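# Coordinate inspection notes
Now for the letters of each chain:
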Amino acid sequence: RSSKSSARSSSGDVPTGDNASVSSDAETGPSGETSSNSGSTSSSKGKKASPSKSPRNSEEQGEMLTKDKAEQAQRMLETVERVLAHISDNGLSGSAAVEYILVHSVDVQRIATLQQLHNHVDAHDAEDTARALRCVLDRAQSLNPKVQVAAADGIQRILPALPESMCRPLVDSIAPLISRREDTPVSTPRKTALSPGDSPQAGPVADGVVSPGSLGATETDSHALTADVLLLPESAAVTEARSAWKELFHAVLRRIPSVEVEGVLQQHVDWRMQPTSPSTEKIFGAETLQVLLDKNPEVGTLMLRYLIGLSCDESTPVRLAAVRKMPVLFDVVLPVAIREQLFMPLLMLLADTKLAVACAAFETAIAMPKCVGTAFTRDVLKPVLKQFITNAPDEVLQTTTRNYGKLVWNLRDAFEPLPQAFVEAARASPIKASMRRGKSLSKQSTAEMSAAGHSPRSTPLAPPPYDAGLSLSSMPSTSFSPQQSMRAASMAANAPSFGQLAAQFADNDWIFFFAEFARQCASQDAAIRRECAFNAPALMASVPMELRNEMFACVSALAKDSAPKVRISVAAGFHELCSFAADPVQQILPIVTALAADTNVLVKEHLFANITDIFSTVKRALPSAQKADTFFTSMTPLVIAYEKEIHTNWRKVAALLTHMQHFADWFSPNDLFAKYVPLLVSHLVSGATALNKRVCRTIALFLRRSFATLEDCVRVLIAVKNMTAVLARNKAAAGRMGFIALFSEMAQHFSQEFVKAFLLPALAQLAADKVSNVRCALARAVPPLLSYPLLRGPLEKTVVAALQEDKDPDVRRCIADPLAVSMDSLVGYSDSRNARLLKEEGPQLLSSEAIKKAGEALEAAKEKSAPPVIPAANPGPTRPKKR
């Protein structure tokens, strides 16, 4: 049944008719007889080849192609139906059904069956599973490459349910499908380790356990593959199938017992790592070693020996694979072996003529300090890496810059500390920021660069001798190409300097690496500057405090870069830099101002995505309230400008509202009430309705910021009265519905006494609103408010009574049906919470003096014709008139 259902479900894709290979096998019926359709097919092909019947125009040719596709699809469907009928009539199931489909059906049904192999075969039945796997693997090489991919995928799906005893024989059976064998015909099924027969050890399956002999003999001629065999280029489909088998091979290896690792090494790895093996086999052998290393750490010593041999291989892909596998040994091999055996091959790979290999060797070398020890890193590895990044050609420069932060972080323990004279001079008068673009960079002379220890040079990679007795007499003296001299000269003309103070101590490691980073920041290549911006946080965390002022100068220059991608990288990681600022007003504010005022909206989005982290870090770093107010007051216009730019994009506004909920902890009351509250009220009128709850919660949090003084209470009352005037009597229905949402949120954040005195009268007037949607919104919001003792009576007399007699049936249903109540507002009354809110508000908020002063302020503003404290909402984009 499963075979029939899978075939029927996949037969809908048949009309594509890609290959279907309507061969003699596809046209053979259940009894082995040839179908009558084959004759018509041959006759139709003969007619098609006749020149007298050629199409006269493109329309006739298209009709004939469509007809041929339809006929081919029909033949495929007939084949599928015959196969399903035979399986059903003979009661085939499991491995028998899979075998019949692979032999007699078409590729579409084969792919569907193999992809759902876990539905056809019971993995707990070892005998049936072994028979099905034997059937698939015996015929794998004679199948279409797409069918082979489906077979590898289907076997991998049932792999978790297979017993470990079947995994090793399965490895031996998959191995022939991985290697390229030109001496084996493609159409002839190969006998694999799962093939029964000739081997005398072959035996049946007993007691549900597969014996090694039943999945049988290994392939003795698999080791005959050498580099002398002419391997022709493969098609993309064949390469994909081979990759699927390799992935399956490694998946099975991860499930074999640890005791089988040695046998796998001898049978499937050793011959691949020989010098005469093809490059593809060597690369696959290195990948297999990495998989086996996870099973048994003792493989690390053998893998080290093989990788050293591969690092001297003539093939560039082999050397590249070898150097990329080296880092996996750093945690499992003894440091002495890595120092004495692996460092020399790695040094040769750093000087490789192929730049891809040199770049990979550099990425491996910067990961070595974590395992070789501080002394070896300081005396041997650090000088080599310093020469590499100084003399690297232009093609390698982007790789060195991309990994520069990791390099400095891993080497920091081996660096010499800054000289005491430099530290004292830097603390007395900090080094002047030298990252200035323009004419000042071109004035730097080559003599000053030489004095700083960065003159153009081209020296071979030759580290100093190491004290531990490591013989470096065979060190290669390979120089890079002459392009490095041209690059160094151009960098000397454009790179900034530390000034005279830094030039005196240019031999220090910290100053050397920072000077190199500063020169890269001034590169003419935007990709290099972008990598510098990406590595700035890691370098900032590594350098001493005396160099962080210069680091912020570099970041400030990158924040004003002409390339947008560079500025985006700075904005995306700037929140990580803020914690290292000693003076946020001087170091952070100029950079944030430049990024927030950027013309590219992506720069602003990346900056404001982490604005909470930036503001909280600055608040902790500025204990003085005056400096904090100065910083956040300067940020207010930038935030408002960004909000105006994204006002119509509700997703970006939602992300900004997530950060604005914390603004009450940072900004002054004047900024909150005069700038941000009007901004939020405008969203209740012309913004997205889905954001109303967030907007109202943010407004309530702003209003509850402080009730310490009478001035604070008066400010809250003025804001509430102006919001009531703007929203409750707004011409737009969205504004009045926004007031209803605000009332529900204010009832949760303010005492019921305050809500009754200042918000309830305006809410009661909306019961007679002319728009039914407003009355429906009011009907949904009222039931949760009836749990408040002081609000229940007035609401029942005015609002509930009017809504129950409303002429709109939807309004009456909303007020009568509890299921129609908004689930977001189901927060009932609590005596303890109301007592806490009332205590926080204090007696001054509801005092007659505060109410009087708030009224006087509003009257004074009205007489002077001043703009209201809460301005009217933006009308939003105009809509075209309907015809």
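Residues numbered from 1 in each chain as written. Predicted model: local features only at pLDDT ≥ 70, side-chain atom pairs only at ≥ 80, totals over all residues. Heavy atoms only, no water.

Moving on, we get to the overall build of the protein. Helices and strands together make up the secondary structure of the protein, namely 46 helices and 0 strands. Considering the protein as a whole, with its 883 residues, one finds that 50% of them fall into the buried category. At a minimum sequence separation of 6, the contacts of the protein that also span at least 24 residues come to 75%. Surface exposure of the protein reaches about 41200 Å², of which carbon and sulfur atoms provide 53%. (Helix = DSSP H or I, 4+ residues; strand = E, 2+ residues; numbered from the N terminus. Buried < 20%, exposed > 50% of the residue type's maximum accessible area, 1.4 Å probe, protein only. Contact = heavy atoms within 4.5 Å. Areas by Shrake-Rupley, 256 points an atom, 1.4 Å probe, with all protein chains shown as cover.)

Glancing now at the packing of aromatic side chains. Under the definition given, this model contains 24 aromatic pairs. Look at Y404 and F513: their rings are 6.3 Å apart centre to centre, the planes differ by 55 degrees, and that puts the pair in the tilted class. With Y404 in helix 20 (residues 404–411) and F513 in helix 26 (residues 509–521), this residue pair connects regions lying 109 residues apart in the sequence. The pair formed by Y404 and F513 is uniform in burial state, with each residue classed as buried. Grouped by ring-pair contacts, the aromatic residues F615, F631, F632, F663, W666, F667, Y676 and F702 constitute a single cluster. Residue placement shows R305 over the ring face of Y306; its charged tip is 4.8 Å from the ring centre. (Phe/Tyr/Trp six-rings, centres within 6.5 Å; stacked < 30°, edge-to-face > 60°. Lys NZ or Arg CZ within 6 Å of the ring centre and 35° of its normal.)

Attention now goes to the side chain of T364. In this fold, T364 is placed in helix 16 (residues 355–365). Within polar-contact distance, the side chain of T364 engages the backbone oxygen of V323 at 2.9 Å. Once you skip the residues sitting within four places of it in the chain, T364 turns out to touch V323, M326, P327, F330 and L346. (Polar contact = N/O pair within 3.5 Å; in protein donor to acceptor, adjacent residues only side chain to side chain.)

Further remarks concern the packing of helix 29 (residues 564–577) against helix 32 (residues 601–608). Contact pair helix 29 / helix 32: the axes reach a minimum separation of 7 Å and the direction vectors enclose 10 degrees. Classed by the angle they form, the pair helix 29 and helix 32 counts as roughly parallel. Between helix 29 and helix 32, the contacting residues are P564, R567, I568, A571, A572 and F574 on the first element and L602, V603, H606 and L607 on the second. (Axes fitted to C-alpha atoms, helices over the stretch in contact; angles between N-to-C directions. Parallel < 35°, antiparallel > 145°, perpendicular 65-115°, else oblique.)

So, on to the environment of Q752. Among the secondary structure elements, Q752 is positioned in helix 40 (residues 752–758). Residue classification places Q752 among the buried residues on the basis of a relative accessible area of 4%. Separated by 83 residues in the primary sequence, Q752 and A835 place their C-alpha atoms 9.8 Å from one another.

Grouped together as the largest cluster of nonpolar side chains are 227 residues, with contacts concentrated most on W245, F574, F615, F663 and L763. Looking at this core element by element, the count peaks at 11 residues for helix 38 (residues 710–727). Sequence-distant contacts of W245, that is, excluding residues within four places in its chain, are made with L137, A140, Q148, A151, A152, I155, I174, L177 and I178. (Core = buried A, V, L, I, M, F, W, Y, C linked by side-chain atoms within 4.5 Å.)

The interhelical angle for the contact between helix 42 (residues 772–785) and helix 43 (residues 789–804), taken along N-to-C directions, is 150 degrees, at an axis separation of 11 Å. Classified by the angle their axes make, helix 42 and helix 43 are roughly antiparallel. Crossing geometry of helix 42 relative to helix 43 is assigned as left-handed. Residue-level contacts link R775, L778, A779, V782 and L785 of helix 42 to L791, L795, V799, V800 and L803 of helix 43. Looking at side-chain class alone, the contact of helix 42 with helix 43 contains 9 nonpolar, no polar and 1 charged residues. (Left-handed = near helix turned anticlockwise from the far one by under 90°. Nonpolar A, V, L, I, M, F, W, Y, C, P; charged D, E, K, R; others polar.)

Here we come to helix 28 (residues 548–559). Note: α-helices contain 3.6 residues per turn, so residues at a spacing of three or four share the same orientation. Taking 1.5 Å as the rise per residue, helix 28 with 12 residues should run 16 Å; its terminal C-alpha atoms sit 16 Å apart, in good agreement. Within helix 28, 11 of the 12 residues are buried, leaving the element largely enclosed by the surrounding structure. Here helix 28 has its buried residues at R548, E550, M551, F552, A553, C554, V555, S556, A557, L558 and A559. Those residues of helix 28 hidden inside the fold are in contact with helix 26, helix 27 (526–542), helix 29, helix 30 (584–587) and helix 31 (589–596). (Expected span 1.5 Å × (residues − 1).)

Moving on, we get to the confidence of the model for the protein. Taken residue by residue, the protein gives an average pLDDT of 75. The fraction at 70 or more is 73%. For the protein, per-element mean pLDDT is lowest for helix 22 (residues 439–442), which scores 31, and highest for helix 14 (residues 316–325), which scores 93. Note on residues 181–232: pLDDT is under 50 here. Beyond four places in sequence and across chains, it has 83 contacts. Contacts of residues 866–879 to residues separated by more than four positions or lying in other chains number 19 contacts, the stretch itself having pLDDT below 50. (pLDDT = per-residue confidence, 0-100.)

This paragraph deals with the pattern of salt bridges. On inspection of all chains with the given rule, the structure shows 25 salt bridges. One salt bridge in this structure joins R139 and E99, with 3.7 Å as the shortest N-O distance. Placement of the pair is R139 in the loop between helix 7 (126–138) and helix 8 (145–158) and E99 in helix 4 (residues 95–104), with a sequence separation of 40 residues. Among the residues examined, R139 registers a relative accessible area of 24% and is labelled partly exposed. With a shortest N-O distance of 3.2 Å, K386 and D509 are connected by a salt bridge. Residue K386 is located in helix 18 (residues 374–391), and its partner D509 is located in helix 26; the two are separated by 123 residues in the primary sequence. On the basis of relative accessibility, which here comes to 18%, the residue K386 falls in the buried class. (Salt bridge = Lys/Arg side-chain N within 4 Å of Asp/Glu carboxyl O.)

Mapped onto the secondary structure, A358 falls in helix 16. In this view, A358 contacts L349, L350, D352 and F388; residues no more than four positions away in its chain are not counted.

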